[in-house]
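Geometric and topological summary
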Amino acid sequence: MINNCTDLLQYDQDHIWHPYTSMTKPLPSYMVESAQGVYLKLASGEKVIDGMSSWWSVVHGYNNPVLNDAIKQQVDTFSHVMFGGLTHEPAINLCKTLVELTPQGLEKVFLADSGSVAVEVAIKMALQYQHSKGKTDKNRLLTIKNGYHGDTFAAMSVCDPVNGMHQLFSGFMTENYFADAPQISFAEDFDESDLHSLKEQFSLHHQNIAALILEPIVQGAGGMRFYHQDYLKACRDLCDQYDVLLIADEIATGFGRTGKLFACEHASITPDILCVGKALTGGYMTLAATLCTTDVAETISKGEAGVFMHGPTFMGNPLACAAANASLKLLIDNDWHSQVATIEQQLTLELSSLKLNKNVQDVRVLGAIGVIEAKHSVNMALIQKMFVENGVWIRPFGKLIYIMPPFVISPEELSKLTSVLSEIVDCDEVFDKG
Ligand SMILES: *Cc1c(COP(=O)(O)O)cnc(C)c1O
C-alpha cells in the first residue's frame, strides 16, 4: 500500500483516468484529505471553499450530520437488495416525494444509477412509447445545440455535436436532429425569431422525431447559457402540435439551483419525461431518477414488449435512497428558496461589475449560479493552482469560469469566492491569448 502523498499522486498520474483527461499530458490533481461544510481540506495543507458543489451536487455541504446519520442508520438496516421482485421503504418514500415535488402530472418513477443512465432511460421510454403507438418511424431525437446530457452513447448523441466530438464516434452513434441554440437570454425580452430553427426542424422531421430533449432554461456543461422561459413554453406547444414527447433534463437544474425547485417551473410547463440526478442525494451517492406521465407509462406498458425494457443491478439502492430522502427533507427544512435567493442577490451584486473587465465577455447570474464568460480560454493548470493558493476550488472549462456554491454557504464565504474570482479574472497570464 502506498501511503505518502507524493507517491500516491504519482500513481494517480501514471494509472488513473480522471474526467476528460489525457494519460500522456495529465493535469495535476489535488488530494482531498477531508471535507467539512463548504470546505475541502487538501493533503497539501490548504483549506479551499468549494465553489462547484462538486459539480452541482453537494448542496448541503460536506460531512453533513443529518445526511451522515441517515446513511449510517440504513447501513445498519440493510445496504442493498435487488429491486427485481423486492422493494423497500427508502425507495417508496423517495418516489412518493419525487412525485409530490416535481411538476404536476409526473406520476411514475424509474430509479437510475447516474444522470447519464437516467437520460438513457428517458430516451428508451420515448422510443417504446412511439413504438407502442405504431409510430415506428419516430425513432430519432430532436435537441438544441450547446446541450449536455451525459457521456453514454444515447446521451452523447444529443450533446452538442462540436463539444461532443460527434465525428469521432460516427457510425456508432445515432444521428439526431439539432436546432440552433436559443440566443435570447433569460433576462431579455423574447422575440419569436429565436424559435425559427427549432420550428424548421419540427416541420421538416416531425415524422421521425420521438422526443425533444433539452435542459430547461440553463444549458450547463455545454456552455453555461441561460435562455428565455418563452422559448421553453414554445417547446411544450410544438411538442403537442407534432405529437412529440418533451424530455426535460433537470439533472443539473433540479432541486432549487435556478431559483425554482425545477427549472420547468419558470415556464409553468410539465414535460412528459423528467430526469433528475446530481443534487438528489445532496452529493453523497450516485443516484438519479426518470419520471414520466401516466399516459407515457401506460402506453409503454400496452406495447409489444409489455414492459419497460430496463433494470440495473443497483436499481433503487437503499443507501442512496436514504441519502436522497434526508437531502430532500433538508432542502425543505433549510428553506432552499431563501438560501438560493440570497445567493442570487449577492452574486448579482458582487459579480456584475466584472462586465467591464478587459478580459470578460459576459457575466450572468441565475439562482445560485454565477458565470463569467471570458474573452479567451483559460490555462487550466495555472488558473487551478492560483485558485487553490487563494483558498477556493473553482474549475473552469474553456472560456467559462463559473460557480454554483453549496446552498449553505455563508455571505462571507461567498464573498471570498467572488473576490478571488474578480482578482484572478483580472490577471492576463491565466488566459491563452495566442
Ligand atoms: C451531469 C449531467 C448529466 C450526466 O449525469 P452523470 O451523473 O454525470 O452521468 C446529464 N445531464 C445534465 C444536464 C447534466 O448536467
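Structure: above.
Here is a short report on the structure shown in this document. Keep in mind that what you see is a predicted model, and the values were worked out from it rather than measured. (Residues numbered from 1 in each chain as written. Predicted model: local features only at pLDDT ≥ 70, side-chain atom pairs only at ≥ 80, totals over all residues. Heavy atoms only, no water.)

1. Let's talk about empty space enclosed by the protein
- A full pass over the atoms with the stated rule returns two cavities of 30 Å³ or more.
- The computed volume of the largest cavity comes to approximately 70 Å³.
- Lining the largest cavity are Asp12, Gln13, Ile16, His18, Thr21, Ser22, Pro26, Leu27 and Ser29.
- Looking at the lining of the largest cavity, its residues break down into three nonpolar, five polar and one charged.
- Along the walls of the second largest cavity sit Leu27, Pro28, Tyr30, Met380, Ala381, Gln384, Trp393 and Arg395, which together make up its complete lining. (1 Å grid on protein atoms, 1.4 Å probe; cavity = no way out; pocket = protein on both sides within 12 Å on 5 of 7 lines; lining within 4 Å. Points joined across faces, edges and corners; volume = space filled by probe spheres on them. Nonpolar A, V, L, I, M, F, W, Y, C, P; charged D, E, K, R; others polar.)

2. As for the site of the ligand
- In the region of the ligand, the neighbouring residues are Ser114, Gly115, Ser116, Tyr148, His149, Gly150, Glu215, Asp249, Ile251, Ala252 and Lys278.
- Measuring from a nitrogen atom of the ligand, one finds a side-chain N or O atom of aspartate 249 at 2.7 Å.
- The fraction of the free accessible surface of the ligand (380 Å²) that becomes covered by protein chains is 82%.
- Each residue belonging to the shell around the ligand can be placed in one class, and the counts come to three nonpolar, five polar and three charged. (Near = heavy atom within 4 Å. Polar contact = N/O pair within 3.5 Å; in protein donor to acceptor, adjacent residues only side chain to side chain. Areas by Shrake-Rupley, 256 points an atom, 1.4 Å probe, with all protein chains shown as cover.)

3. What about the sheet that holds strand β7 (residues 209-214)?
- Strand order in the open sheet made by the seven strands is β4-β12-β11-β10-β7-β5-β6, with mixed pairing throughout. The open sheet is flanked by β4 (106-112) and β6 (177-179), the only strands paired with a single partner. Ignoring strand direction, the axes of neighbouring strands in this sheet form an average angle of 20 degrees.
- Across four bridges, β7 lies against strand β10 (residues 245-249) in parallel orientation. In the strand pairing of β10, leucine 212 is matched with leucine 246.
- In this fold helix α7 (residues 196-205) packs onto β5 (140-144), β6 and β7, with an angle of close to 150 degrees to the strand it touches most, β6.
- Strands β5, β7 and β10 of the sheet are contacted by helix α8 (residues 229-241), whose axis makes an angle of about 170 degrees with β7. (Pairing = 2+ DSSP bridges. Helix = DSSP H or I, 4+ residues; strand = E, 2+ residues; numbered from the N terminus. Axes fitted to C-alpha atoms, helices over the stretch in contact; angles between N-to-C directions. Contact = heavy atoms within 4.5 Å.)

4. Things to note about helix α9 (residues 294-301)
- Taken together, the buried positions of α9 are occupied by Val296, Ala297, Thr299 and Ile300. Viewed along the axis of α9, the buried residues span an arc of 165 degrees, placing them on a single side of the element.
- For α9, the secondary structure elements touched by its buried residues are β4, α5 (115-132), β10, β11 (273-276) and β12 (288-293). (Buried < 20%, exposed > 50% of the residue type's maximum accessible area, 1.4 Å probe, protein only. Arc of directions from axis to C-beta.)

5. Looking at the layout of surface pockets
- In this structure, the second largest pocket encloses a volume near 410 Å³.
- Ser185, Phe186, Phe226, Asp362 and Arg364 are, among the 19 residues lining the second largest pocket, the residues nearest its centre.
- Of all the secondary structure elements, the ones that give two or more residues to the lining of the second largest pocket are β9 (225-226), α11 (336-351) and β13 (360-366).
- Sort the elements by how many residues they give to the lining of the second largest pocket and β13 lands first, with five residues.
- For the lining of the second largest pocket, the class distribution of residues is nine nonpolar, four polar and six charged.

6. As for the pattern of salt bridges
- Following the criterion strictly, the structure yields 16 salt bridges and no others.
- A salt bridge links arginine 364 to glutamate 373, with the shortest nitrogen-to-oxygen separation between them at 2.8 Å.
- You can call glutamate 373 partly exposed: its relative accessible area is 23%.
- One network of salt bridges, with partners in common, ties together Lys358, Asp426, Asp428 and Lys433. (Salt bridge = Lys/Arg side-chain N within 4 Å of Asp/Glu carboxyl O.)

7. A word on the sheet that holds strand β16 (residues 400-403)
- Strand order in the open sheet formed by three strands is β13-β14-β16, with antiparallel pairing between adjacent strands. Edge strands, defined here as strands with exactly one partner in the open sheet, are β13 and β16. Within the sheet, the average angular offset between the axes of one strand and its neighbour, ignoring direction, is 10 degrees.
- The pairing of β13 with strand β14 (residues 369-374) spans six bridges and is classified as antiparallel. By the bridge assignment for β14, arginine 364 is matched with valine 371.
- Packing of α11 onto the sheet brings it into contact with β13, β14 and β16, and relative to β13 it is tilted by some 160 degrees.

8. Describing the packing of α7 against α8
- Interhelical geometry of α7 versus α8 gives an angle of 10 degrees and a closest axis separation of 11 Å. Here α8 runs roughly parallel to α7, going by the angle between their axes. On the side of α7, the interface is formed by Leu198, Lys199 and Phe202, while α8 contributes Tyr231, Cys235, Leu238 and Cys239.
- Classifying every residue of the contact of α7 with α8 by side-chain character gives six nonpolar, no polar and one charged. (Parallel < 35°, antiparallel > 145°, perpendicular 65-115°, else oblique.)

9. Quick word on the nonpolar core
- Formed by 100 residues in total, the largest nonpolar core has its most connected members in Leu198, Leu212 and Ile401.
- In contact with leucine 198, not counting residues within four places along its chain, are Leu142, Ile144, Ala179, Leu212, Tyr231, Cys235 and Leu238.
- Counting residues in hydrophobic clusters, the runner-up holds 29 residues, among them Phe110, Leu141, Val158 and Cys292. (Core = buried A, V, L, I, M, F, W, Y, C linked by side-chain atoms within 4.5 Å.)

10. Describing the environment of proline 405
- Inspection of the secondary structure puts proline 405 in the loop between β16 and α13 (411-425).
- For the pair proline 405 and isoleucine 343, spaced 62 residues apart in sequence, the C-alpha to C-alpha distance is 8.6 Å.

11. Points about the packing of aromatic side chains
- What the rule picks out here adds up to eight aromatic pairs.
- Ring geometry for phenylalanine 202 against tyrosine 242: centres 5.4 Å apart, planes inclined by 15 degrees, an arrangement best described as stacked. Residue phenylalanine 202 is located in helix α7, and its partner tyrosine 242 is located in the loop between α8 and β10; the two are separated by 40 residues in the primary sequence.
- Ring centres of tyrosine 227 and tyrosine 231 lie 5.4 Å apart, and the angle between their planes is 75 degrees; on these two criteria the pair is classed as edge-to-face.
- Using a relative accessible area of 0% as the deciding quantity, one classes tyrosine 231 as buried.
- By way of ring pairs, the aromatic residues Phe153, Phe169 and Phe172 are connected into one cluster.
- One residue, lysine 47, lies across the ring of tyrosine 39, its end atom 4.5 Å from the ring centre. (Phe/Tyr/Trp six-rings, centres within 6.5 Å; stacked < 30°, edge-to-face > 60°. Lys NZ or Arg CZ within 6 Å of the ring centre and 35° of its normal.)

Nothing here speaks to function; it is all geometry.
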